[in-house]
Amino acid sequence: LSGKHANGEPLIQGELVISGRDTLAQYPLAREYPVHFRKTYYPTCFHQDPGQELRRHQRAAEILPIPPPIGCTRTSFRSCFLPGHSLDKLAPFGLEPPEANLRVAEQMPVASQIGLWRLFEVLHEQITGMHRAGLVHGDLFLHNVLVSTSPIGVYPIDFEHAADRAATASDEAWQELCEQDLLELRKTAAYLLCVLGPQPGELAAGIVARLEDLFPSAPRVRERLR
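Just so it is clear, the model here is predicted, and its values are computed rather than measured.

Each value, and the rule that gives it
Residues numbered from 1 in each chain as written. Predicted model: local features only at pLDDT ≥ 70, side-chain atom pairs only at ≥ 80, totals over all residues. Heavy atoms only, no water. Axes fitted to C-alpha atoms, helices over the stretch in contact; angles between N-to-C directions. Helix = DSSP H or I, 4+ residues; strand = E, 2+ residues; numbered from the N terminus. Parallel < 35°, antiparallel > 145°, perpendicular 65-115°, else oblique. Contact = heavy atoms within 4.5 Å. Nonpolar A, V, L, I, M, F, W, Y, C, P; charged D, E, K, R; others polar. Core = buried A, V, L, I, M, F, W, Y, C linked by side-chain atoms within 4.5 Å. Buried < 20%, exposed > 50% of the residue type's maximum accessible area, 1.4 Å probe, protein only. Arc of directions from axis to C-beta.

Some thoughts on the packing of helix α5 (residues 110–132) against helix α7 (residues 202–209)
- In the contact formed by α5 and α7, the axes pass within 9 Å of each other and the chain directions differ by 85°. In terms of orientation, α5 lies roughly perpendicular with respect to α7. When α5 is examined against α7, the residues Trp117, Phe120, Glu121, His124, Thr128 and Arg132 are found in contact with a partner set consisting of Glu202, Leu203, Ala204 and Ile207.
- Of the residues in the contact of α5 with α7, the class split is five nonpolar, two polar and three charged.

Okay, here's the thing in structure tokens:
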């Protein structure tokens with residue numbers, strides 16, 4: 001992971017590191033996760049306080065089945081390395097117009113359709129549970145979700161934009177943040193729902209209830225859901 005400013009100056013760098021003696025002494029959790037991920041911010045990126053990112057990640061780890069953060073400095077943040085694939089790499093959608101992705105979903109093997117739908121259901125359960133506990137992710141795109149194969153699991157990552165309900169101006173603003181958290185998840189899962197047919201559960205119900213928010217041509221998609 002790396003990024004550069006338009007003038008070529010570094011913004012952010014992410015790398016896997018192996019804990020040495022000094023790291024093990026400074027970060028107790030590094031003994032449990034000796035190979036972990038370190039994200040380094042450069043002054044040109046005007047990054048947020050890594051300490052705040054640490055607190056947000058720690059709060060998420062109290063709610064979700066994810067490892068806690070390892071530690072931070074003034075310019076860096078360390079988290080457990082989770083081997084796996086980002087969910088956007090497993091969900092082969094991204095065509096324009098959005099309805100063109102229905103053909104992609106139709107061409108997937110049925111087992112792949114079912115397996116991917118189940119991943120989305122698990123993620124939906126995790127995120128709505130996090131909302132009930134008073135936390136929004138704030139940047140929930142599929143590239144910020146890892147799918148591990150050993151053991152099989154779904155893990156949201158990157159909580160630097162997370163927000164507490166207590167710090168939100170109003171109930172209306174909180175509900176808007178929660179809806180935004182679920183937007184890409186629902187939109188992508190909708191392609192699978194169209195080919196699998198009606199499904200039970202909160203994810204399917206939320207898709208059907210909010211089609212107008214998800215698709216410009218919602219009537220055409222709704223027709224496919226019947």
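Points about the nonpolar core
- By size, the foremost hydrophobic cluster in this structure holds 52 residues, and its most contacted members are Leu87, Phe93, Leu116, Trp117, Phe120, Ile207 and Leu211.
- Leave out the neighbours within four places in its chain, and Phe93 touches Asn101, Val104, Ala105, Met108, Leu116, Thr188, Tyr191 and Leu192.

A few points about the environment of Ala91
- Secondary-structure assignment places Ala91 in the loop between α3 (87–90) and α4 (101–107).
- A C-alpha to C-alpha distance of 9.8 Å links Ala91 and Val104, two positions 13 residues apart in sequence.
- Not counting residues up to four positions away in its chain, the partners in contact with Ala91 are Leu116, Phe120, Leu142 and Thr188.

Considering α7
- Among all positions in α7, only Leu203, Ala204, Gly206 and Ile207 are buried. Projected onto a plane normal to the axis of α7, the buried residues spread over an arc of 165° and lie on a single side. Exposed and facing more than 90 degrees away from the buried side of α7 are Glu202 and Ala209.

Some points on unusual backbone geometry
- Cis peptide bonds are those with omega within 30 degrees of zero, and the linkage from Glu96 to Pro97 qualifies with -5°.
- Even without being glycine, Asp158 reaches a positive phi, approximately 60°.
- Checked against the element boundaries, Asp158 lands in the loop between β9 (152–156) and β10 (163–164).
- On the basis of relative accessibility, which here comes to 26%, the residue Asp158 falls in the partly exposed class.

Notes on the packing of helix α6 (residues 171–196) against α7
- At a minimum axis distance of 10 Å, the contact between α6 and α7 shows a crossing angle of 100°. Taken together, the axes of α6 and α7 lie roughly perpendicular to each other. Each of Leu185, Arg186, Ala189, Ala190 and Leu193 in α6 lies in contact with α7, whose residues at this interface are Leu203, Ala204, Gly206, Ile207 and Val208.
- Considering only residue class, the contact of α6 with α7 consists of eight nonpolar, one polar and one charged.

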